[in-house]
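Structural overview for review
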Amino acid sequence: MWSLEIICFLLCFVPSYQQFPRLCATQEALRTKECCPPWEGDGSACGASSGRGTCEDVVVSAHPDGPQYPFSGLDDREKWPLVFYNRTCQCTDNFMGFNCGDCTFGYFGENCNERRESLRRNIFHLSRAERLKLVSYLNLAKQTISRDYVVVTGTYREMQNGTNPMFAEVSVYDVFVWMHYYVSRNALLGGPGNVWTDVDFAHWAPAFLPWHRAYLLHWEHEIRKLTGDTSFTIPYWDWRDAQGCDVCTDELMGDRSTQDPSLISPGSVFSSWTVLCSQAQDYSARGVLCDATEEGPLRRNPGNHNRNLVERLPTSDDVEFTLSLTNYDTGPMDRSANMSFRNTLEGFGDPRTGLGNSSRLGMHAALHVYMNGSMSSVQGSANDPIFLLHHAFVDCLYEQWLRRHRPSPSQYPESNAPIGHNSEYHMAPILPLHRNRDFFISSKDLGYEYTHLLDASQKLAESLHPSLDELRDVWPWLLLAGLCGGILTIAIAAAVLTTKRWYKGSSWLRARSWKHAFALPERQPLIRSNEIEETNQHNYQTTM
């Protein structure tokens with residue numbers, strides 16, 4: 001059944017939209033620095049004729065950044081997206097997208113006026129059919145080349161200020177791999193080996209949680225458009241107190257290969273996956289960007305990691321301590337931040353003391369190191385589909401903290417955070433544009449909820465969901481079996497009654513001569529007469 005659906009998806013999927021759309025990857029667009037493609041619905045730029053949006057100048061924040069990155073004008077991500085575009089679509093109402101052709105998160109329908117809340121569920125509460133669908137969607141995204149967007153493979157300077165565009169085609173899945181690489185890569189200062197490593201526009205600072213929240217929402221959004229399944233949500237892996245990689249089975253994210261423990265089992269579709277943008281040291285040594293070519297198979301060897309760096313997987317106590325921290329971020333707002341919820345959840349604050357620059361990594365970072373493969377490189381970690389399940393639970397904990405502490409918007413820093421992390425900064429390399437502050441809000445305001453955060457009765461109902469689904473799938477067979485059993489019982493009863501009547505009507509069977517002809521001599525009765533009454537009173541089989 002699922003194979004037929006997958007074939008249908010391959011033939012009939014809806015095109016997806018994301019950063020660097022093809023219409024904005026031309027000499028003309030780069031020369032004019034304008035990315036305002038027409039909306040297909042009316043042919044006007046940004047759907048202006050239909051009131052969906054307009055082409056406007058990009059306004060960036062003038063607030064100062066922290067001291068961690070002491071340069072200016074060297075990196076294409078600075079003041080995103082001004083190096084590439086200074087005019088983009090600004091959408092109105094509930095419209096979203098680089099051409100205002102989509103609905104903002106939480107809204108659906110042709111006019112984006114249907115409000116709906118989606119539910120992200122524990123992966124172990126999915127039915128077998130839902131797990132199969134998840135794996136099928138992931139593989140479909142990995143195998144489908146995007147029709148509508150490309151990724152950048154050279155700096156703006158290498159493109160000769162746009163006269164020589166340098167872009168590459170990638171799959172729907174791999175554009176998100178590239179996004180995570182590009183936002184976290186080293187800054188290229190010019191020439192081989194000349195890089196600045198203490199910079200990351202989505203990690204090690206306040207935007208870590210808002211950026212990954214936007215990232216997951218866009219990924220979810222693209223899968224829905226690719227498959228036509230608007231109910232799809234990313235499941236999460238609750239890794240608290242886990243003794244190993246619970247999701248590393250061939251039914252889910254792939255077991256370990258018996259031939260090479262660092263590879264995925266041939267019984268999993270993920271064994272055929274290849275990775276890209278995973279060789280950060282090589283790019284830095286050559287002073288270049290990832291060129292989006294294949295770099296070998298997906299690798300994972302959970303548990304065989306450096307135990308001096310990660311002692312164990314996070315526990316429930318680690319999570320509870322992290323959630324108890326009242327300040328979102330503190331001090332320099334980097335990896336040295338003390339008693340910072342963000343820094344402790346990210347893994348650089350000790351989950352037992354809250355002190356930053358911990359010698360051992362915890363929480364989010366511990367999972368990456370534990371996987372000991374493609375997941376263990378920051379820039380290449382999104383190659384492993386476990387990345388999505390892992391970050392969905394990190395986002396769930398972020399949401400739990402927001403609901404528990406209800407921080408004011410002012411808790412998110414307006415200035416002096418590391419570059420890319422101030423509240424007004426646009427998230428690189430995402431188009432349409434989002435500011436970090438836009439995702440320092442509850443998931444409910446963005447149209448989704450987690451089963452982990454439901455009340456007790458709702459959690460119980462959700463945990464029973466797989467069993468109920470399996471029962472729903474088999475109940476017609478159970479009903480058929482019951483009917484067949486009933487018919488068989490009636491047939492047997494009818495046969496017995498017929499035989500009894502036939503026996504009573506046959507005088508030759510009652511003839512004593514036949515009885516005595518086959519009788520054996522009986523020296524002692526099997527049951528004495530005085531025991532017959534007792535047997536009739538206590539033998540449950542006889543009574544029944």
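Residues numbered from 1 in each chain as written. Predicted model: local features only at pLDDT ≥ 70, side-chain atom pairs only at ≥ 80, totals over all residues. Heavy atoms only, no water.

Going by an unreviewed UniProt entry, the protein carries the name Tyrosinase and comes from Maylandia zebra. Within the UniProt record for the protein, the comment given under Sequence similarities (unreviewed entry) is "Belongs to the tyrosinase family." Within the UniProt record for the protein, the comment given under Cofactor (unreviewed entry) is "Cu(2+)". (UniProt positions renumbered as here; feature names shortened; annotations may be inferred.)

Glancing now at the state of the cysteines. All chains considered together, the criterion is met by 7 disulfides. The side chain of cysteine 46 participates in a disulfide bridge whose partner is cysteine 89; the two sulfur atoms lie 2.0 Å from each other. Note on the cysteine 46 and cysteine 89 pair: the S-S dihedral is about -80°, so by sign convention the disulfide is left-handed. Of this pair, cysteine 46 sits in the loop between β1 (34-35) and β2 (53-57) while cysteine 89 sits in strand β3 (residues 87-91), and the two are 43 residues apart along the sequence. Like cysteine 46, the residue cysteine 89 is buried in the burial classification. Here cysteine 277 is linked by a disulfide to cysteine 290, with a sulfur-sulfur distance of 2.1 Å. What sets the handedness of the cysteine 277 and cysteine 290 disulfide is the S-S torsion sign, and at about -70° it is left-handed. Here cysteine 277 is found in the loop between α5 (208-227) and α6 (280-286), whereas its partner cysteine 290 is found in the loop between α6 and α7 (316-324), with 13 residues between them in sequence. (Disulfide = S-S within 2.5 Å. Helix = DSSP H or I, 4+ residues; strand = E, 2+ residues; numbered from the N terminus. Buried < 20%, exposed > 50% of the residue type's maximum accessible area, 1.4 Å probe, protein only.)

Turning next to the packing of α7 against helix α10 (residues 386-405). In contact at an axis separation of 9 Å, α7 and α10 are set at 45° when each is read in the N-to-C sense. Relative to α10, the element α7 is oriented oblique. Along this stretch, α7 crosses α10, giving a crossing that reads as right-handed. Along its contact with α7, which presents Val319, Glu320, Thr322, Leu323 and Ser324, the element α10 presents Leu397, Gln400, Trp401, Arg404 and His405. (Axes fitted to C-alpha atoms, helices over the stretch in contact; angles between N-to-C directions. Parallel < 35°, antiparallel > 145°, perpendicular 65-115°, else oblique. Left-handed = near helix turned anticlockwise from the far one by under 90°. Contact = heavy atoms within 4.5 Å.)

Our next topic: helix α3 (residues 128-143). Here α3 contains 16 residues, and its C-alpha end-to-end distance of 23 Å stays within 8% of the 22 Å for a straight helix at 1.5 Å per residue. Of the residues making up α3, those classed as buried are Glu130, Arg131, Leu134, Val135, Ser136, Tyr137, Leu138, Asn139, Leu140, Ala141 and Lys142. (Expected span 1.5 Å × (residues − 1).)

Another aspect to go through is the sheet that holds β1. Pairing is mixed in the open sheet, where 3 strands are placed in the order β1-β3-β2. Unpaired on one side and paired on the other, β1 and β2 mark the two borders of the sheet. (Pairing = 2+ DSSP bridges.)

All right, on to the nonpolar core then. Counting 115 residues, the largest nonpolar core has Phe84 and Trp237 as the members making the most contacts within it. Among the elements that take part in this core, α10 stands out by supplying 12 residues, more than any other. Those residues in contact with tryptophan 237, other than ones at most four positions away along the chain, are Ile123, Phe124, Ala242, Gly244, Cys245, Asp246, Val247, Leu367, Met371, Ile386, Leu389 and Phe393. Counting 7 residues, the second largest nonpolar core, distinct from the first, contains Trp204, Phe348, Ala366 and Val369. (Core = buried A, V, L, I, M, F, W, Y, C linked by side-chain atoms within 4.5 Å.)

Counting through the fold element by element, cysteine 100 comes out in the loop between β4 (95-96) and β5 (102-103). Each C-alpha atom, one on cysteine 100 and one on alanine 45, is 8.9 Å from the other, the two residues being 55 residues apart in sequence.

A few words on α7. Restricting attention to buried positions, one finds in α7 the residues Asp318, Val319, Thr322 and Leu323. Across the axial projection of α7, the buried residues extend over an arc of 130°, all falling on one side. Taken together, the buried residues of α7 touch α8 (341-346), α9 (363-371) and α10. (Arc of directions from axis to C-beta.)

Right, let's get into the packing of aromatic side chains. In the structure shown here, the tally under the stated rule is 33 aromatic pairs. When the centroid spacing of 6.4 Å and the interplanar angle of 90° are considered together, the rings of tyrosine 173 and tryptophan 219 count as edge-to-face. Here tyrosine 173, found in helix α4 (residues 172-184), pairs with tryptophan 219, found in helix α5; they are 46 residues apart in sequence, far enough to count as distant. Across the pair, exposure class does not vary: tyrosine 173 and tryptophan 219 are buried alike. (Phe/Tyr/Trp six-rings, centres within 6.5 Å; stacked < 30°, edge-to-face > 60°.)

Let us now look at unusual backbone geometry. Residue proline 81 is reached from tryptophan 80 by a cis peptide bond, and omega for that bond is 5°. Within the secondary structure, proline 81 is located in the loop between β2 and β3. Cis geometry marks the peptide bond from leucine 431 to proline 432, where omega comes out at 15°. Looking at where proline 432 falls in the secondary structure, it is placed in the loop between α10 and β13 (448-450). At cysteine 46, a position not held by glycine, the phi torsion is positive, near 60°. A positive phi angle, near 55°, is found at cysteine 112, a position not held by glycine. Within the fold, cysteine 112 resides in the loop between β6 (107-108) and β7 (114-115). Overall, cysteine 112 belongs to the buried group, its relative accessible area being 1%.

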